[in-house]
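Fold and geometry: a report
Take a look at the letters that make up each chain.
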Amino acid sequence: MKILVNFVAFSCLFVTLASAACTKTLKCVDCNKFEICVGNSTTTSSCPSSQRYCTTGVADDFCSSTLESGNTACNSVTKNFQCTRPGYFPSPYNCSEYFECFYYPVEESNIELIFFKKTCNEKYYYNSKQKMCVKQTSAAQCTSVSCTTSNLGFFPYKADTQYYHFCAEDIASNDVLMFRCDDGETFTAESGCRFHCPAIGRYAHEDVTKYYECTAAGVNNYTIGKCWSGVFDKVTKKCNFVY
């Protein structure tokens, strides 16, 4: 009986101490994450994208769509990546990382654009033009993007202008959206994605029934031709007619 009483007393003490440790049922652990404390167990979860900032409350902390004044935990907000189309993208934050975006079935009638983050070996960086990790020989090869008041909106990605990035007015979020033009195109803030003519001649279009008729090397030196019956052959540089 004495052993049973002591065991019950110890159990009560353990529960009391565990409960006492829960000063709040929901408590922020960093800028975007919170901890749920119930009894002697805790679980960690993230704030939804629509209310991304974990904010200090009187009774419990909560997720909010606005950044709390003086919230030092958000000085270096967790940087997220969002796919804008399938394919490979350089990381705007770390030159040794890149993302592969692809469609993945999440339900029988629904697919979602998701990504895998990949990391190059030490002293290597991701070269988006070669689509592979390359040994870094100078600091200039490592490009990153930070959203500031001077680069709000769409800007070309300096390392490879087939890519471009977008910074929203809410620079506190510090997230950079990366986009990619079609193959052969480059981005300018004035014209958007435009085909870059390597030289005078005809070049394949993303639409196989069309082609670029280049009058000179450069971005705006072309017209778009149409194969009215058939597809454009990038080897012969002619339309292959279908009868």
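The following refers to the structure shown. (Residues numbered from 1 in each chain as written. Predicted model: local features only at pLDDT ≥ 70, side-chain atom pairs only at ≥ 80, totals over all residues. Heavy atoms only, no water.)

Spatially, the 3 strands line up as an open sheet ordered S16-S17-S18, and their pairing is antiparallel. The strands lining the two open edges of the sheet, one partner per strand, are strand S16 (201-204) and strand S18 (222-226). Across the sheet, the axes of successive neighbouring strands diverge by a mean angle of 35°, strand direction being ignored. In terms of strand pairing, S16 meets strand S17 (residues 210-214) through 4 bridges, oriented antiparallel. The residue of S17 that forms the bridge with Gly-201 is Cys-214. (Pairing = 2+ DSSP bridges. Helix = DSSP H or I, 4+ residues; strand = E, 2+ residues; numbered from the N terminus. Axes fitted to C-alpha atoms, helices over the stretch in contact; angles between N-to-C directions.)

The next point concerns the pairing of strand S11 (residues 153-156). In this structure, S11 lies alongside strand S12 (residues 163-167), joined through 4 bridges in antiparallel fashion. In the strand pairing of S12, Phe-154 is matched with Phe-166. Linking two consecutive strands that pair antiparallel, namely S11 and S12, is a turn of 6 residues.

The next point concerns the pattern of salt bridges. Scanning the model with the defined rule gives 5 salt bridges in all. A salt bridge links Glu-213 to Arg-202; its shortest N-O distance comes to 2.8 Å. Here Glu-213, found in strand S17, pairs with Arg-202, found in strand S16; they are 11 residues apart in sequence, far enough to count as distant. Judged by relative accessible area, which is 29%, Arg-202 ranks as partly exposed. (Salt bridge = Lys/Arg side-chain N within 4 Å of Asp/Glu carboxyl O. Buried < 20%, exposed > 50% of the residue type's maximum accessible area, 1.4 Å probe, protein only.)

What follows deals with the packing of aromatic side chains. Within the structure shown, the criterion is met by 18 aromatic pairs. Ring plane angle 70° and centroid distance 5.8 Å describe the contact between Phe-89 and Tyr-163, whose orientation is recorded as edge-to-face. Placement of Phe-89 in strand S6 (residues 87-90) and of Tyr-163 in strand S12 is noted, with a sequence separation of 74 residues between them. The exposure classification of Phe-89 matches that of Tyr-163, with both residues buried. A network of ring pairs unites the aromatic residues Phe-81, Phe-89, Phe-99, Phe-115 and Tyr-163 as a single cluster. (Phe/Tyr/Trp six-rings, centres within 6.5 Å; stacked < 30°, edge-to-face > 60°.)

Overall, antiparallel pairing links the 3 strands, which are arranged S11-S12-S13 in an open sheet. Sheet topology places S11 and strand S13 (177-180) at the edges, where each strand pairs with a single neighbour. Going from strand to strand, the sheet's axes swing by 30° on average, the running direction of each strand aside. In this structure, S12 lies alongside S13, joined through 4 bridges in antiparallel fashion. Bridge pairing links Tyr-163 to Arg-180 in S13.

Below, the discussion takes up the environment of Ala-168. Topologically, Ala-168 is positioned in the loop between S12 and S13. With relative accessibility at 34%, the residue Ala-168 sits in the partly exposed group. Between the C-alpha atoms of Ala-168 and Thr-148, which are 20 residues apart in sequence, the distance is 9.3 Å.

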